[in-house]
Amino acid sequence: MTNQAATEFTHKTVLLNEAVDALAINGERANGVYIDGTFGRGGHSRLILQHLGPNGRLIAFDKDTQAIASASEIKDPRFHIVHDSFATMSEALQELGVAQVDGILMDLGISSPQVDDATRGFSFRADGPLDMRMDTTRGISAAEWLATEDEEKIREVIKNYGEERFAFQIAKAIVARRQTDSITGTRQLAELVAHAVKTREKGKDPATRTFQAIRIFVNKELEDLEVGLDAAFSALAPFGIMSIISFHSLEDRIVKQFFASKVKVEQPDRRLPIRHLDLPQPQMRLLNRIKPSENEVSENPRSRSAILRIAERLPEGGK
């Protein structure tokens, strides 16, 4: 894939300034180490680099080969790109000799270039091969999965990852269709789903939830997020900050529950003779929750569902 192809489709970074400002890259922190867990087309990374001091360092991750091609255009010695999921953060940082980082930004979900490029298979709006892999160099495509998976598993994926109430009917239709015809194109799948869905949500294509579900499953997005959050917390220095943007309820629920588990710690029975200093202390504190402004949503409708959650790691003993 050429760099030209990688940059052919534009991407408007969501909550750009808010997510980077949350990392508080100033003063001594400007010479710290930061992670961009999802490089995309580099909007957040480029802004982080503008804030970094001469001894600062930015390590970015992305599974998408087109994103890696875009990252290769950044000729800054403070920048390093890793072609892998942020779920591999612990191993990557160990290889790079990084013990702790001062801030981590994750912009979850799918980028506009991935959606707009019909050849990637993420969109039902234009016909293209039913691929959906963020990293086309590994794993199986959506078409390959749908061709071999059993009906119950397809139903489960569409129901759980798409929150689709017609998952049973859609799975049944997919299995019936593949008996006579391979499902290899995005429009082919979208039309099949449209016939299986009995009622439509106003303003939403009936295939939206199914495409989301299959994409999440094929790319192991939720599993990667859970592993990545644990790795991010482990890498974070005291007073380090996590700035995470999610785009749908499944992602946001995981992020929200993860932060809550670090903020609210279970306390032992009050009747036990334990000194206050020895009681379990919170490991993080919540700093903010931000949604896009009306102006941003107006200029970039794809930002409307975004939620930015920000939390800071506390030193041992809390406070």
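Below or above, wherever it landed, is the structure these notes cover.

Conventions used here
Every chain is numbered on its own, with residues counted from 1 as its sequence reads. Where local features are concerned, this predicted model is filtered to residues with pLDDT of at least 70; where side-chain atom pairs are given and counted, the filter is 80 or more; whole-chain, interface and lining totals use all residues. The side-chain values count all of the structure's non-hydrogen atoms but skip hydrogen atoms and water molecules. For helices the rule is a DSSP run of H or I covering at least 4 residues; for strands it is a run of E covering at least 2, with both sets numbered from the N terminus onward. Only C-alpha atoms enter the radius of gyration, while the globule expectation follows 2.2 Å times N to the 0.38, with N the number of residues. Burial classification: accessible surface area is computed with a 1.4 Å probe over protein chains only, and a residue below 20% of its type maximum counts as buried, one above 50% as exposed, and the rest as partly exposed. Should any heavy atoms of two residues lie within 4.5 Å, those residues are counted as being in contact. All accessible areas in this document rest on Shrake-Rupley with a 1.4 Å probe, and a residue is counted as covered only by the protein chains that are shown. Counting rule applied: Lys, Arg positive; Asp, Glu negative; His and chain ends not counted. Where a charge sits is defined by one atom per residue type, namely NZ (Lys), CZ (Arg), CG (Asp) or CD (Glu). We call a set of buried Ala, Val, Leu, Ile, Met, Phe, Trp, Tyr and Cys residues a nonpolar core when their side-chain atoms join them within 4.5 Å. Strands are treated as partners if at least two bridges between them are detected by DSSP. Each axis is a line fitted through C-alpha atoms, taken for helices only over the stretch in contact, and angles between the N-to-C directions span 0 to 180 degrees. A helix is expected to span 1.5 Å for every residue after the first. What the arc describes is the spread of directions from the helix axis to the C-beta atoms. The term polar contact refers here to a pair of N or O atoms within 3.5 Å; inside protein, the definition further demands a hydrogen-donor-capable atom paired with an acceptor-capable atom, and it admits residues adjacent in sequence only when both atoms are side-chain atoms. The definition of a right-handed crossover adopted here requires that, viewed with the strands pointing away, the path from the first strand over the helix to the second runs clockwise.

### Notes on the overall build of the chain
Scanning the chain from N- to C-terminus turns up 14 helices and seven strands. Relative to a compact globule of 319 residues, whose C-alpha radius of gyration would be 20 Å, the chain shows 21 Å and is just as compact. Along the first, second and third principal axes, the C-alpha atoms of the chain reach 65 × 55 × 40 Å. Of all 319 residues assigned to the chain, the portion counted as buried reaches 51%. Here the contacts in the chain between residues at least 6 apart in sequence split such that 67% fall between residues at least 24 apart. A total of about 15,900 Å² of accessible surface is found on the chain, and carbon and sulfur atoms cover 49% of it. Charge centroids of the chain, computed over 42 positive and 46 negative side chains, lie 5 Å from each other.

### With respect to the nonpolar core
Grouped together as the largest cluster of nonpolar side chains are 64 residues, with contacts concentrated most on M89 and M242. The contacts of M242, once residues within four sequence positions are left out, are I104, L229, A232, F233, L236, F258, F259, M284, R309, I310 and A311. Judged by nonpolar contacts, the second largest core, of 27 residues, contains I25, A30, F39 and F247.

### Focus on the side chain of D131
Of note, D131 is situated in the loop between helix 6 (112-116) and helix 7 (142-148). When sequence neighbours within four positions are dropped, the list of residues in contact with D131 reads R120, G121, T136, S141 and A142.

### Digging into the sheet that holds strand 5 (residues 236-246)
Hydrogen bonds between backbone groups are what pair the strands of a sheet, and the pairing can be parallel or antiparallel. If you walk across this open sheet you meet the seven strands as 3-2-1-4-5-7-6, and the pairing is mixed. In the strand order of this sheet, the two ends are held by strand 3 (79-83) and strand 6 (284-290), each with one partner. Each strand of the sheet is rotated relative to its neighbour by a mean of 15°, with strand direction disregarded. As judged from the four bridges shared by strand 1 (residues 33-36) and strand 2 (residues 57-62), these two strands associate in the parallel manner. Paired with I35 across the bridge in strand 2 is I59. Against the sheet, helix 3 (residues 43-51) touches strand 1, strand 2, strand 3, strand 4 (101-107) and strand 5, its axis set at about 175° to strand 2. Contacts from helix 12 (residues 221-235) reach strand 4, strand 5, strand 6 and strand 7 (307-313) within the one sheet, and its direction differs from that of strand 5 by about 150°.

### Some details on helix 8 (residues 151-162)
Count 3.6 residues to each turn of an α-helix, and residues three or four apart come out pointing the same way. A rise of 1.5 Å per residue sets the reference length of helix 8, with its twelve residues, at 16 Å; its end C-alpha atoms lie 16 Å apart and thus fit the reference within 8%. Regarding helix 8, the residues found buried are I154, V157, I158, Y161 and G162. Buried residues of helix 8 fall within an arc of 100° about the axis and therefore sit on the same side. Looking at the buried side of helix 8, the elements it contacts are helix 7, helix 9 (167-178), helix 11 (208-218), helix 12 and helix 13 (249-263). Near the N-terminus of helix 8, the side chain that reaches the backbone nitrogen of E152, with its oxygen 3.1 Å away, is that of D150. Following helix 8 by one or two positions, E163 has its phi on the positive side, about 50°.

### Brief notes about the environment of E151
As for its placement among the helices and strands, E151 is situated in helix 8. Separated by 20 residues in the primary sequence, E151 and A171 have C-alpha atoms spaced 5.7 Å apart. Those residues within four positions of E151 in sequence are excluded, and the remaining contacts are F168, A171, K172 and V175.

### Some remarks on the pairing of strand 3
Relative to strand 3, strand 2 runs parallel, the two sharing five bridges. Directly across from L58, in strand 3, lies its bridge partner F79. As a crossover connection, the stretch from strand 2 through helix 4 (residues 65-71) into strand 3 is right-handed.

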